[in-house]
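So you can see what is in the structure, the chains are spelled out below.
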Amino acid sequence: MLLCDRCNKGWHIHCLSPPLKQVPPGNWYCLECLNSDKDSFGFVPGKKFSLESFRRLADRAKRKWFGSAPASRVQLEKKFWEIVEGSTGEVEVMYGSDLDTSVYGSGFPRINDQKPVSIDVEKWNEYCGSPWNLNNLPKLRGSMLQAVHHNIAGVMVPWLYIGMLFSSFCWHFEDHCFYSMNYLHWGEPKCWYSVPGNEASAFETVMRNSLPDLFDAQPDLLFQLVTMLNPSVLVENGVPVYSVLQEPGSFVITFPRSYHGGFNFGLNCAEAVNFAPADWLPHGGSGAELYRLYHKAAVLSHDELLCVVVKSDFDSKASPYIKKELQRIYDKEKSCRETLWKNGIVNSSLMKPRNHPEYVGTEEDPTCIICQQYLYLSAVVCRCRPSAFVCLEHWEHLCECKPNKHRLLYRHTLTDLKDLVIMTDKHISGETEQVRNLRRQTLSFDGMGALTKKVKGGHVTLGQLAKKWFLSSRKILQIPYSRESYLKALKEAEQFLWAGSEMDPVREMTKNLVKGQKWAEDVRDCLSKVEKLSCDHRHDTEKVKLEHVTNLLTFDPAPCNEPAILKLKDYEVEARVLCREINSALSTSSSVSTADLEILYTRVCDSPIYISESEKLSERLSSAKVWRESVRKCISEKLPAAIETNMLYKLQSEISELPVQLPEVKMLLGLIRQVESCVARCNEMLKGPINLKKLEAFLQEYSDFIVNIPQLKLLGQYHSDAISWISHFNDVLINIHEREDQVNVVNELTCIQRDGALLKIQVDELSHVEIELKKAHCRVKALKALGSRMPLEFIREVIMESNILQIEKERLFGNISRIRTAAVNWEERALYILASKAQKSDFEDAIRASEDICALLPSLGVVKEALSLANLWLEKAEPFLVSNISVRAASNSLLKFEDLKELVSQSKLLKISLRQLPMLQRVLDNCIKWENDARSSLYAVEHFLRNDNIDDGITSGLVSKIEQQVTAMESIIKAGLSLGLDFGEIPKLQDACSTLNWCLKTLSFCSAVPLLEEVEMLMEVASNVPVTYASSSLFGLLIDGVHWLKEAAEISLPCRTRNFKLSDAEYVLGQSKEIKVSFPSMVSQLANVIKKHNLWREQVHQFLSLEPGNRTWSLLLELKGLGSTDAFNCSELDMVSSKVQKVEKWKQCCENIAGTPIVDAQTLSHALLQIKGTLDRSLSICGASKGQKATELSVCCSNNFDNQDILACSVCKDCYHLQCHGPSLADRKVATSFICHYCHFVGSGRLSQNGVDKLRFGRTRTELSKLVELLTDADNLSIWIEEINVLKQLVEKAIEWKACLTEVLDSALACHGEDLFIAAGKLSTAMKVVELAGIYDYQVNCKFDLALARNSWRVRANKLLGGLKRPTIQHIQQHLKEGLTISIPSEDHFWQKLTGVKHNCIQWIEKAKEVSTDCGALGLDKVFELIAEGKNLPVNVERELKLLRDRSMLYCICRKPDDQKPMIACDKCDEWYHFACIKLTSAPKIFICPACNLHPEDLYSLPMTQDRLIGSRCEEPQTPSPRHRELRFKSQKPNSRTKLKLPVAGDDGSDEVRHYRGTEFLFWRNRKRFRRAARKRSQLDSLSPFIHIQDHE
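Bear in mind the structure is a predicted one, so any value in this text is a computation, not a measurement.

Asks: Is there a simple way to explain the overall build of the chain in this structure?
Replies: Within the chain one finds 58 helices and 31 strands. The buried share of the chain, reckoned over its 1593 residues, is 42%. A fraction of 73% describes how many contacts in the chain between residues 6 or more apart in sequence connect residues 24 or more apart. Summed over its atoms, the accessible surface of the chain is roughly 87,600 Å², and 52% of this surface lies on carbon and sulfur atoms.

Asks: Sorry if this is basic, but what is going on with empty space enclosed by the protein here?
Replies: In this approach a probe as big as a water molecule rolls over the atoms, and the regions it shows empty are the leftover space. One pass over the full model with this rule turns up 2 cavities of 30 Å³ or more. By volume, the largest cavity is sized at about 320 Å³. Together, 22 residues line the largest cavity, and R292, D303, K332, E333 and Y374 are the ones closest to its centre. Of all the secondary structure elements, the ones that give two or more residues to the lining of the largest cavity are helix 9 (281-294), helix 10 (302-311) and helix 11 (319-342). A per-class count over the lining of the largest cavity returns 11 nonpolar, 4 polar and 7 charged. When its volume is computed, the second largest cavity comes out at roughly 110 Å³. Ranked by residue count, the leading element in the lining of the second largest cavity is helix 50 (residues 1338-1362), at 4 residues.

Asks: Could you clarify how one ought to interpret helix 18 (residues 546-553) in this entry?
Replies: Since one α-helical turn is 3.6 residues long, residues separated by three or four positions face the same way. Of the residues making up helix 18, those classed as buried are L546, V549, T550 and L552. Down the axis of helix 18, the buried side of the element spans an arc of 160°, and every buried residue falls inside it. Where helix 18 is buried, its residues contact helix 17 (504-535), strand 18 (544-545), helix 19 (565-587) and strand 19 (609-610).

Asks: Got a minute to help me understand the sheet that holds strand 13 (residues 378-382) in this structure?
Replies: Pairing between sheet strands relies on hydrogen bonds along the backbone, with the strands arranged either parallel or antiparallel. The strand order across the open sheet formed by 4 strands is 12-15-13-14, and the pairing between neighbours is mixed. The open sheet is flanked by strand 12 (347-350) and strand 14 (385-390), the only strands paired with a single partner. Recorded for the sheet is a direction-independent mean angle of 30° between the axes of neighbouring strands. Where strand 13 and strand 14 come together, 3 bridges link them in antiparallel fashion. Bridging across to strand 14, V381 finds its partner in F389. Strand contacts of helix 16 (residues 483-497): strand 12 and strand 15 (406-410), with the helix running at about 75° to strand 12, the strand carrying the most contacts.

Asks: Any chance you could explain the packing of aromatic side chains here in plain terms?
Replies: Geometrically, a pair of aromatic rings is defined through the distance of the ring centres and the angle of the planes. Within this structure, the stated rule accounts for 27 aromatic pairs. Seen from their ring centres, W132 and F251 are 5.1 Å apart, and the 45° between their planes marks the pair as tilted. A residue pair is termed long-range when its members are at least 10 positions apart, and W132 in the loop between helix 5 (121-128) and strand 4 (159-163) and F251 in strand 9 (residues 251-254) qualify at 119 residues. F251 sits in the partly exposed class, given a relative accessible area of 30%.

Asks: Which parts of the structure should I look at to understand the pattern of salt bridges?
Replies: Between side chains of opposite charge, a pair can form when the charged atoms approach closely. Under the defined criterion, the tally for this structure stands at 42 salt bridges. Between R257 and E204 there is a salt bridge whose closest N-O contact spans 3.2 Å. Highlighted residues: R257 in the loop between strand 9 and strand 10 (260-264) and E204 in helix 6 (residues 200-210), separated in sequence by 53 residues. The class for R257 is partly exposed, based on a relative accessible area of 21%. Here R848 makes a salt bridge to D845, at a shortest N to O gap of 2.1 Å. With R848 and D845 both in helix 30 (residues 840-850) and 3 residues apart, this pair spans about one turn of that helix. Owing to a relative accessible area of 46%, R848 belongs among the partly exposed residues under this scheme. For D845, a relative accessible area of 41% puts it in the partly exposed group. Counted as one network, the salt bridges with shared partners bring together E289, R292, E325, R328, K332 and E393.

Asks: Teacher, can you tell me more about the nonpolar core here?
Replies: Considering soluble globular proteins, one finds that nonpolar side chains tend to be buried as a cluster. Judged by nonpolar contacts, the single largest core of 142 residues is most densely connected at L145, W171, F203, W280, L305, W498 and L513. Of the residues forming this core, the biggest block, 9 residues, is contributed by helix 17. Those residues within four positions of L513 in sequence are excluded, and the remaining contacts are W469, S473, I476, L477, Y486, A489 and L490. I819, I847, L914 and C999 belong to the second largest nonpolar core, which has 97 residues in total.

Asks: I keep staring at the sheet that holds strand 7 (residues 190-194) and nothing clicks. Help me out?
Replies: If you trace the 4 strands from one edge of the open sheet to the other, you get 5-10-7-8, paired in antiparallel fashion. The open sheet has two edge strands with one neighbour each: strand 5 (168-172) and strand 8 (242-246). This sheet shows a mean twist of 15° between the axes of neighbouring strands, independent of strand direction. As judged from the 3 bridges shared by strand 5 and strand 10, these two strands associate in the antiparallel manner. Residue pairing in the sheet places F169 in a bridge with G262 of strand 10. Sheet contacts for helix 3 (residues 73-84): strand 5, strand 7, strand 8 and strand 10; angle to strand 7, the most-contacted strand, approximately 65°.

What counts as what
Residues numbered from 1 in each chain as written. Predicted model: local features only at pLDDT ≥ 70, side-chain atom pairs only at ≥ 80, totals over all residues. Heavy atoms only, no water. Helix = DSSP H or I, 4+ residues; strand = E, 2+ residues; numbered from the N terminus. Buried < 20%, exposed > 50% of the residue type's maximum accessible area, 1.4 Å probe, protein only. Contact = heavy atoms within 4.5 Å. Areas by Shrake-Rupley, 256 points an atom, 1.4 Å probe, with all protein chains shown as cover. 1 Å grid on protein atoms, 1.4 Å probe; cavity = no way out; pocket = protein on both sides within 12 Å on 5 of 7 lines; lining within 4 Å. Points joined across faces, edges and corners; volume = space filled by probe spheres on them. Nonpolar A, V, L, I, M, F, W, Y, C, P; charged D, E, K, R; others polar. Arc of directions from axis to C-beta. Pairing = 2+ DSSP bridges. Axes fitted to C-alpha atoms, helices over the stretch in contact; angles between N-to-C directions. Phe/Tyr/Trp six-rings, centres within 6.5 Å; stacked < 30°, edge-to-face > 60°. Salt bridge = Lys/Arg side-chain N within 4 Å of Asp/Glu carboxyl O. Core = buried A, V, L, I, M, F, W, Y, C linked by side-chain atoms within 4.5 Å.

What follows is the structure in structure tokens.
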């Protein structure tokens, strides 16, 4: 049994899916833990998405990986396999896989789908029936899946797949090794990888070798679709892998057992389904065997599919495949059944037949509890577990019962299976039925002749047993019938019926036995019933039918010898006589009396045999009685209309069928004549008009008639309707004119009028309804006029209509007259004020007065419109009439001058007199006057700007004119703004004023040098000048001057000279003479700039003429500073800048290498000298290791003062400053056992996490190769620098340091002996040398790391071998593996020692595991010796020791170790006992051992001497661990345990509870003192006969 390392549940290794051959090494987890949500891997269910939301998710994922740019196939595949191999971390993607198309819809059209309107019917039908439609593919002709009845998702019904970027399908082949077809509907491509089916074994081998741990824990890993392996690994191992890129609209087909996998390039939609042509059959058989091997549940039964296909009308081309596969199944089934028979399973029976055997999957077969396969052909079951079935291969794992309790269930005999094989020849050769039968017999007689098994006294064949049975069965048919003999013979025949055609005689004899048994049992049953009824007529036993008795007597010859048939024949003769009498009585005339029939019926009831003619006799008697009772009931009825006429006529029609004469016939006929008379009078009245009074008299005459006549009932209904209508009309007329709901009155009268027209009886009130209806309509109109405003004409019509109907005096119509008078008076007033152009208040009064009049007034709209126009005009004119400008400005934007003109013109159309009209006219006049002034000023500015003469003689006069014009324009603008209107001339005036101000600013630069910012501002303002002024002569001359000023100002600035050449400055200076506006100050400044540039160039040439040694760094920096301010862009400036950059770059490299920022030259030199000083101190340490005198030092500081306390290391004897080691040592004057951290680090065997770069202080060291490279670069400089000489000295010292350190490390690596102190001293010195030095070398550091790693390995190896805590074998193996990585030499002392320990321990562990599972084969003495040997090992093997101790524990009364036999634990003391030792055959719900089930009287009856004697020879028991008890309990005890006492049989046959007395009790009491861990086995076998527990089934 195997325990899960997470849930601690136990599992038999052969019951796992798939089964394991042995316990796997390391941790093992069951499927429940692997499939749990915690720590899950692979595919887990995600949340639900709509297609649109999934599209957004897929787009975001693709943008995250590759952005918006398209990615190539190479990029996508590379990134996917990087993700699979874990180099990019954990990645989660969504995949809408395995979506059932019957739920989510298919991408292909189906017959049952609704056709889109836009698609043609013929096209739709063509695609619905296309063989390329995946919905049709599995059931095409020639497909083996045609026989599958139910829709298996993914196999018979396609699956949809909605993928995104990197959503994948792992390596797998299809269920049952089916073919598959995949169609990509739309979206991004899908990348496929595939291995041919004939390379499947090679593929699986590479997968297992690449992932051994996963396959050891889960051998069926490839069935779980969670494993991906890079195809390159498969190709490297010789497995061919093919790849294809599936584009939308293309199909991909996979072949049987062809492993395939892949992933999606982005969002797409695919659909896939399986199919199975005939050549799939052998692959399907292999797939079924794989399912059986790995205990994986199958999708369908392969055996059932094959048997159904062979019985169907399959294609002749499929015959060879079907025959071969069917023959394989036949051979396997034959072999398995023979094996069962040999092993003692002789009970067999047929399975229940199918309801629909022509289809697969209509009924689900049971599955094997071991391999989970469908049991279609056969199964094995045991009566101890009726619901558990196993296949023929796993019958031994069903239960622990003996084989004779097992039963073989089979659906077909071997003969039937062979017939199926022969049926395939019909399609191959077309042979006849007779030839096939002969061939079948020839083939089938070869089978069972040699099938033998061992029995007492020798061997016997199946044929011999069958022949013996056949002879004995033939004798049974001849002797008198015995039920026990027949049952025994049929029971014995079960071992032969499953076999081939050689057992046909047995099967035929079995049929005869069954037939004879059934016939004899039926005869005995019939005779028993007949005899019981003959003795007691009131017996509850059902009578035997005469036909059944006759059938039993007609068997000729009789199936068996049954003497009771003679008695049964006598009873049959009596029943035949009685049957003839009944037929005679029923065939006579109806004059027979009822008394004679009743006497004959009594004789029939007393007969013990049921006669079918008695039913006719009973029916005749009962029908006569029923008819008589019905007639009497009709005649005696008192209630009116209680009898239906149909019933009377029915009774009349039954008179002729009566077998006897009855007096009630005359009474019935008289009642029928009365009914016919009444019906005739009713029909006559219904033909013509019906008078109400005549109808009432007729109904009164027939009010008490007992027959229900439909015509009479109809007349009564007409009369009731008329009376109800008249009553309803009279109720409505009560106070009809006072009701306010006249609309309801109209509806009620309308309904009354309609109902009155439908009456079948003439009524006088119908003419009054029409008059009342007209009055009600008039009242409705009047209420409408009062409830809402109506036109005057409508009111007049209502008053006129009321006069006609003579209802004008009603209060309602008086109110209407008053409304009409008020409306007429208001109309006359309104017409007057409109004609006279009255004041605004008159209009408002008229509108207020109209609100009290409930009528629509014709002139009201005109009055309101006139008032509304006046109010709107006042609202628009109000802003223009406001006297305060600030009030106008506070409103929204400025007022439009055109709006003012429009308002004045609109005032003439108003129908109301207003006082604001003259005020608005005055505002308009003022605006017109200002507009004329503004236009005059603009004309003057345009004329002024046409002047193109700006010489020095008129410059001052031009400026004054411009200033005067600006002043005049500003006053006009101010006046225009004060009016508060939006004048179009104001922006023009502002533009003209700004243009003149720009001209003034430009002219001011003729006498002063402007700044560049001022010139640029002038140009920016000039770009915004209106086109009208920009095209003028004066503006053009001034803008040319401004452009020249900008060029000159840019060149004159010091920061701008480097962007210009000398020729640019000279050109601009020459342009000053061509412009018409002169700027003398700027011309003088430009000439001065050119002079400074020429002077700087002369200084540069002088510097270059000096010797390289005289070209100082300070002089070069001075030239660079002057050139940045005085020089134009030239070659001399570029050369100076280049040299400065080169030197600065070299100095920056020095700074980076030295690790010190450059402040000045002394700082860099000091940093280089400090590094040189560290090398001097490091070399002094190296010299001291060679015997030279060492200086007092401390790596914590570089100060060597004489007044500091010195501390010496007790290992390396080097001296250190006491203060540098912290307050823990600085407070003590003397430290006797001080060990420096170098010796401590080397001796501890630890390794630095950061390498040797940062051992203690973490400071950065300079690389030697970079210093050499820096010195080489300094030779290319042509400038004298002080730091170069310091650098040369530093490089020379570093080379010397490297040679010294290399010598020390080589000597440390050469140490391979047991003494660790030699190498430790060398490494301690090397650590000091490296830590003190301010530089490092890569080669030296690599050698130093190797030396430290080897030393650490040797130190830890010494600790593993000599430590207090013994290591595990895993620690030893891991340490040796580390030694291999750092190339520990084979001659190393510790390497050799660890290798030997590993070899010895592995041998012991393997032996311990073998002994722990040998079920007690090895003696306890040898086990104890092995335990002692394990304790003396230098390695911790507690796990194996525990297994051995468990192996040495003794159980049960037999004092034997665990031997895998069934055991049970006591529910009180948890002691374990073998079932056989305590004589248990099955596990009870609760088991309490006799030692715990003691009675007080037994306890006191024991002699004390025996107790002491036995107790002195026993050791104290040791209870097994809870885990071990749990393991045993899981394998042997039931899940639920309830209280149970075991009954045993007493001498007298009665059941009693057995109690133990005397010696038995003594054994059980002392049994509690024994324990499992015993050094010597106690001799207790002599006590075992005292245990007697019998299990009653």
